[in-house]
Amino acid sequence: MSRETWILVALAGVVALATLVGAVLLAVRVVRTRRLLGALGAGGKVAFYGALIYTILPIDLLPDPIYLDDMGVLAGALFYLGRLVAKHRAAQRGLPDRSQPPAVPGRPHRPVS
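Residues numbered from 1 in each chain as written. Predicted model: local features only at pLDDT ≥ 70, side-chain atom pairs only at ≥ 80, totals over all residues. Heavy atoms only, no water.

(A) Main features of the overall build of the chain. Helices and strands together make up the secondary structure of the chain, namely three helices and zero strands. Counting from the amino terminus, the chain carries its helices and strands in the arrangement α-α-α. A buried classification covers 20% of the 113 residues belonging to the chain. A fraction of 58% describes how many contacts in the chain between residues 6 or more apart in sequence connect residues 24 or more apart. For the chain, the accessible surface area stands at approximately 8800 Å², while carbon and sulfur atoms represent 68% of it. (Helix = DSSP H or I, 4+ residues; strand = E, 2+ residues; numbered from the N terminus. Buried < 20%, exposed > 50% of the residue type's maximum accessible area, 1.4 Å probe, protein only. Contact = heavy atoms within 4.5 Å. Areas by Shrake-Rupley, 256 points an atom, 1.4 Å probe, with all protein chains shown as cover.)

(B) Up close: the layout of surface pockets. Here the largest pocket is characterised by a volume of approximately 280 Å³. Mapped onto the lining of the largest pocket, the elements with two or more residues apiece are helix 1 (3-32) and helix 3 (68-94). Take the lining of the largest pocket: its biggest share by element is five residues, from helix 3. Here the lining of the largest pocket is composed, by residue class, of four nonpolar, two polar and four charged. (1 Å grid on protein atoms, 1.4 Å probe; cavity = no way out; pocket = protein on both sides within 12 Å on 5 of 7 lines; lining within 4 Å. Points joined across faces, edges and corners; volume = space filled by probe spheres on them. Nonpolar A, V, L, I, M, F, W, Y, C, P; charged D, E, K, R; others polar.)

(C) Highlighting the confidence of the model for the chain. With 81% of its residues at a pLDDT of 70 or more, the chain has an overall mean of 77. Looking at the elements of the chain, mean pLDDT is at its lowest for helix 1, recorded as 80, and at its highest for helix 3, recorded as 85. (pLDDT = per-residue confidence, 0-100.)

(D) Spotlight on the packing of aromatic side chains. Tallying each qualifying case throughout the model produces one aromatic pair. Arranged with centres 4.8 Å apart and planes meeting at 80°, the rings of Phe 48 and Tyr 49 form a pair that is edge-to-face. Here Tyr 49 falls in the partly exposed class, since its relative accessible area comes to 44%. (Phe/Tyr/Trp six-rings, centres within 6.5 Å; stacked < 30°, edge-to-face > 60°.)

(E) The environment of Leu 62, seen in detail. Examined against the element boundaries, Leu 62 turns out to sit in the loop between helix 2 (37-56) and helix 3. Those residues in contact with Leu 62 that sit more than four places away from it in its chain are Leu 68 and Asp 69.

(F) Up close: a positive patch on the surface. Taken together, Arg 29, Arg 32, Arg 35, Arg 89 and Arg 93 make up a surface patch of like positive charges. For the positive patch, the secondary structure elements donating two or more residues are helix 1 and helix 3. Structurally, Arg 29 can be placed in helix 1. Judged by its relative accessible area of 54%, Arg 29 falls in the exposed class. (Patch = residues over 30% accessible without salt bridge, like charges linked within 9 Å, V, L, I, M, F, W, Y side chains within 5 Å. Salt bridge = Lys/Arg side-chain N within 4 Å of Asp/Glu carboxyl O. Lys, Arg positive; Asp, Glu negative; His and termini not counted. Charge placed at Lys NZ, Arg CZ, Asp CG, Glu CD.)

This is the structure in structure tokens:
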């Protein structure tokens, strides 16, 4: 093979390795959200398990050496799960804070900042 062919093969290998690393990093971030699945409801569970199953199964939109479709599914799931987590945390903040002691009648309550 010519020198140019070797350079193209090496470049394709580097790109494939970079996309594989990106897909693995996204999968790790999706797996870290697993502990919140109980609070995120059915939509969170479907996004979580659907993204992982799509990434693991050999049936893809693009052939397996190209992980861009897997990265897109994982990134979409992370985006959706992130929005669900933000909604969950906002709902938790809207509830009365039970860590504060009850207010004493006749004494002004000053929140601690």
